Structure formats: C-alpha cells, structure tokens
Amino acid sequence: MLPMQSTLFFFEAGEWWDYAMLAVVIAVLATLSWIAIRSKWAAIALFIVIPVLLTIFWWPYSTEGTQSAGWFAIVKQYSALLGSLSLVALQYFPKLRRNRYYLLIPPLILAVNILEAVIRDFQCYGIHGTDPVNGLWTWGGPWNIMNAVAGILNLLMIAGWVGIYVSKKDKHIIWADLTIWWIIAYDLWNVAYVYNCLSDRAWYSGVALLAACTIPAFMKMGRGAWIQYRAYTLTFWSAFVLTFPRFTYESRFAHDHSHNTTAMFVIAFLALAFNAGLFVYHVWRIWKTKRNPFKAELYADAFDNPKLISETATDEVKKRIADRIGKTPQEAGFTQ
C-alpha cells in the first residue's frame, strides 16, 4: 500500500506558510533573473563571483549526508551555470550572435537536459519505494513511460535557434520559435517529470521553478525570452539547493507530494496529450511552410511573433529572418 497524506490531490494540504514561501521563491527567482538580464555587473556577480566563492568555501561540504549529496546536483548546477554564461556572452559579445555554431549551444543544452530527464523517467518506471539514487519516495508506473514519450516529442519540437537574437530594447535574448504553446507543453512535461521522479521536491523544484520562468514569458517584458529566464532561474535554484540542501524536505516550508498514483497518471496524461497534439501541428507546419526547422524559423510569422520581432529586432535582424523564411520584412509583418 502506498503512503498517503491529507492532500489536495497533487500535494499535501500543508500550511499557509508553504504557499507563502512558494510565492516568495517564484518572485525572488524571477526578479534575480530580470536584474541579471539588465545589468552586466549583476550578471558577473551572480554567475561568476558568487559561484566561484561557493565552489571554494561551501559547496564541497554543504551537501554531505543530504538528498543533494553526490554528483547529480553538482552536474546540474554547473551545466545550468554554463548555459547561463553562454547567454550572457551573447548579450555582450555581438560577434557571437552571427556565429551559427555558437547559436547551437542553447538548443543543445536544452535538448540534453530534456534527454537526461527522459532517461530518468524510464529508469523510475522500475522503482517502487525509496529511490536508491536520491533517497526520495518513488513509485514507477505507466505514467513514467507516458511522460518520457512526451519529453521526446517536446525535444523534437525545438526549432528555429538560428533566429536567436538580442532585443534592441532591453538586452533580452529572443528565441521566437519557442512559442507560448511550446512553453506550455514543456512545462506540463517538466512538472510531470519532477512530480513523478523527484516526488517531494516537486513543490519548489517543479511548480515554483517553472512558474518563475513562465510568468515573465507571458508578460510583455519577457515575451520571447523564456530560454533566458529558464536558464537563469534554474541556475539560481540549483545553487540554492546546493547551499541549503535540507530546505525542501526538512525545513518548516517543506511541502510533500501526495503519493497519489492517480495524480501521477493525470499529470503525465496531460503532458503526453498536449505534446502529442502540438507535435502533430508542428509537423503540419513544417509541411505547410516547406521550411527546415534546423535552418530557418518555423514560427517567425505565426502567432504574436511578427509583432514581437517588429518591436525588438533591429532592421538588420528583421531582414535576415525574413530572408530565411522567403519573405520580405513587410510580408512577414515585421514592420508593424
């Protein structure tokens, strides 16, 4: 029999301060990301100075005897940090923006992170009880297979990275082909992964972390810049977990998974259904436009992207995007 708690289906009912802390974590992660985007000196402090100091004086000792012990949390932190630094470099070294090989870094890191989680979902299918890797309660089932397939579909829809550019308005890095619909699909898949494979960490490492990068992407200030908020918030949260590894499971703000297999199935089903539907549309879009998503933007002239590009791209960038999709800037709607 599975251990159950007083729940609200997905999570334990908890206390009011659990929800207050969730809001605080979301706000702090999003705000720190916004500051790092706007200020070069803040980016240097947050992504170079502080990590170096923590690497020397704290992280080698902070996780011993905790759920964050071992290599996984360390690799997660430094891979996220590398991704963030690669985006910072795009902001301040203009020559990199025209280097097609350098522009492969964001999609490669994103794809590797998705693939890593997909493999973990398959592994968790066979675990029933305490996960020998992280000591968390894990109950494998068809939901793991469903979500792994959703992750593969989401990975296959990564497109248009050749069109990554830096906003002329506020230094945000714009990747227009990661549309709002792709972001929702990613969030459903990722929260299902964390929920089904990291159980009692899902309140913060799933809900809070994803909200911190998704909310700005739905706001005017962060439209098109999801990849930057995702990389930065993940870096900050990974650093926090290494620094205070007992926060998510031993502090008064710990908020547990419901241990409800029906909830695990429902969240995986939603992730798979949404990603499958979007994947069908993605393939149809490739067929309709006759564009290669590895060489050109697939959605530059779709959804709200023409307005986004018209407001944030320079005339030179607009011309390059339009050339790749076989239109003039006027035809593509980049001159609104």
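The structure contained in this document is the topic of the report that follows. Since the model is a prediction, treat every value here as computed from it, not as a measurement.

1. Side note on the packing of helix 7 (residues 180–197) against helix 11 (residues 261–289)
Viewed as axis vectors pointing N to C, helix 7 and helix 11 meet at an angle of 155°, and their least axial separation amounts to 9 Å. Overall, the two elements helix 7 and helix 11 adopt an arrangement that is roughly antiparallel. Once helix 7 is placed against helix 11, the crossing between them reads as left-handed. In this structure, helix 7 contributes W181, W182, I184, A185, L188, W189, V191, A192, Y195 and N196 to the contact, and helix 11 contributes A263, M264, I267, A268, L270, A271, F274, N275 and L278.

2. A look at the pattern of salt bridges
Inspection of every chain in the model, using the stated rule, returns 12 salt bridges. R291 is the salt-bridge partner of D301, the closest N and O atoms lying 2.8 Å from each other. You can see D301 sitting in the loop between helix 11 and helix 12 (305–312) and its partner R291 sitting in the loop between helix 11 and helix 12, a full 10 residues away along the chain. Here the two residues D301 and R291 agree in accessibility, since each one is buried. Note that D315 and K318 form a salt bridge whose closest N and O atoms lie 3.9 Å from each other. Residue D315 and its partner K318 are both found in helix 13 (residues 315–324); the two are separated by 3 residues, about one turn of the helix.

3. What to know about the packing of aromatic side chains
For the coordinates displayed, the defined rule picks out 27 aromatic pairs. Taken together, a centroid distance of 5.3 Å and an interplanar angle of 90° make the contact between Y19 and W203 edge-to-face. With Y19 in helix 1 (residues 16–38) and W203 in helix 8 (residues 202–218), this residue pair connects regions lying 184 residues apart in the sequence. Note on Y19: relative accessible area 32%, which makes it partly exposed. Arranged with centres 4.7 Å apart and planes meeting at 55°, the rings of F47 and Y232 form a pair that is tilted. One end of the pair, F47, is in helix 2 (residues 40–57); the other, Y232, is in helix 9 (residues 226–243), with 185 residues separating them in the sequence. The lysine or arginine in question, K40, covers the ring of W41, its NZ or CZ lying 5.5 Å from the ring centre.

4. As for unusual backbone geometry
With phi around 60°, H259 is a residue other than glycine that occupies positive phi space. Positionally, H259 belongs in the loop between helix 10 (247–250) and helix 11. Judged by relative accessible area, H259 falls into the buried class, the value being 7%. Not every positive phi belongs to a glycine, and K290 is a case in point at roughly 60°.

5. Focus on empty space enclosed by the protein
Empty pockets left among the atoms are what a rolling probe the size of a water molecule brings to light. What the rule picks out here adds up to 2 cavities of 30 Å³ or more. Reported here for the largest cavity is a volume of approximately 70 Å³. Lining the largest cavity are M157, D177, T179, W182, L278, Y281, H282, Y299 and F303. Per-element accounting of the lining of the largest cavity gives the leading share, 3 residues, to helix 11. Looking at the lining of the largest cavity residue by residue, the classes come out as 6 nonpolar, 2 polar and 1 charged. Lining of the second largest cavity is provided by G160, G163, Y165, A176, D177, E297, A300, I309 and I321.

6. Considerations on the nonpolar core
L110, W182, Y204, W226 and Y232 are the most contacted members of the largest nonpolar core, which has 91 residues in total. Sequence-distant contacts of W226, that is, excluding residues within four places in its chain, are made with L110, L178, W182, I183, Y186, D187, C213, T214 and A217.

7. A word on a nonpolar patch on the surface
The grouping of W41, I44, I48, V49, I50, V52, L53, I56, F57, W58 and L85 at the surface amounts to a nonpolar patch, some 1000 Å² of accessible area in total. Among the elements that take part in the nonpolar patch, helix 2 stands out by supplying 9 residues, more than any other. Along the chain, I44 turns up in helix 2.

8. What about the state of the cysteines?
Tallying each qualifying case throughout the model produces 0 disulfides. Just so you know, C124 is unpaired, no disulfide at all, and the nearest cysteine sulfur is the one on C197, 3.6 Å from it. The thiol of C213 is unpaired, and the distance to the nearest cysteine sulfur, on C197, comes to 19 Å. A residue is classified by how much of its surface remains accessible, and C213, at 0% relative accessible area, is buried.

9. Digging into the side chain of R285
Looking at the element boundaries, R285 is found in helix 11. Overall, R285 belongs to the buried group, its relative accessible area being 8%. A distance of 3.0 Å separates a polar atom in the side chain of R285 from the backbone oxygen of L298. Leave out the neighbours within four places in its chain, and R285 touches R291, L298, Y299, D301 and A302.

What counts and how
- Residues numbered from 1 in each chain as written.
- Predicted model: local features only at pLDDT ≥ 70, side-chain atom pairs only at ≥ 80, totals over all residues.
- Heavy atoms only, no water.
- Axes fitted to C-alpha atoms, helices over the stretch in contact; angles between N-to-C directions.
- Helix = DSSP H or I, 4+ residues; strand = E, 2+ residues; numbered from the N terminus.
- Parallel < 35°, antiparallel > 145°, perpendicular 65-115°, else oblique.
- Left-handed = near helix turned anticlockwise from the far one by under 90°.
- Contact = heavy atoms within 4.5 Å.
- Salt bridge = Lys/Arg side-chain N within 4 Å of Asp/Glu carboxyl O.
- Buried < 20%, exposed > 50% of the residue type's maximum accessible area, 1.4 Å probe, protein only.
- Phe/Tyr/Trp six-rings, centres within 6.5 Å; stacked < 30°, edge-to-face > 60°.
- Lys NZ or Arg CZ within 6 Å of the ring centre and 35° of its normal.
- 1 Å grid on protein atoms, 1.4 Å probe; cavity = no way out; pocket = protein on both sides within 12 Å on 5 of 7 lines; lining within 4 Å.
- Points joined across faces, edges and corners; volume = space filled by probe spheres on them.
- Nonpolar A, V, L, I, M, F, W, Y, C, P; charged D, E, K, R; others polar.
- Core = buried A, V, L, I, M, F, W, Y, C linked by side-chain atoms within 4.5 Å.
- Patch = residues over 30% accessible without salt bridge, like charges linked within 9 Å, V, L, I, M, F, W, Y side chains within 5 Å.
- Areas by Shrake-Rupley, 256 points an atom, 1.4 Å probe, with all protein chains shown as cover.
- Disulfide = S-S within 2.5 Å.
- Polar contact = N/O pair within 3.5 Å; in protein donor to acceptor, adjacent residues only side chain to side chain.

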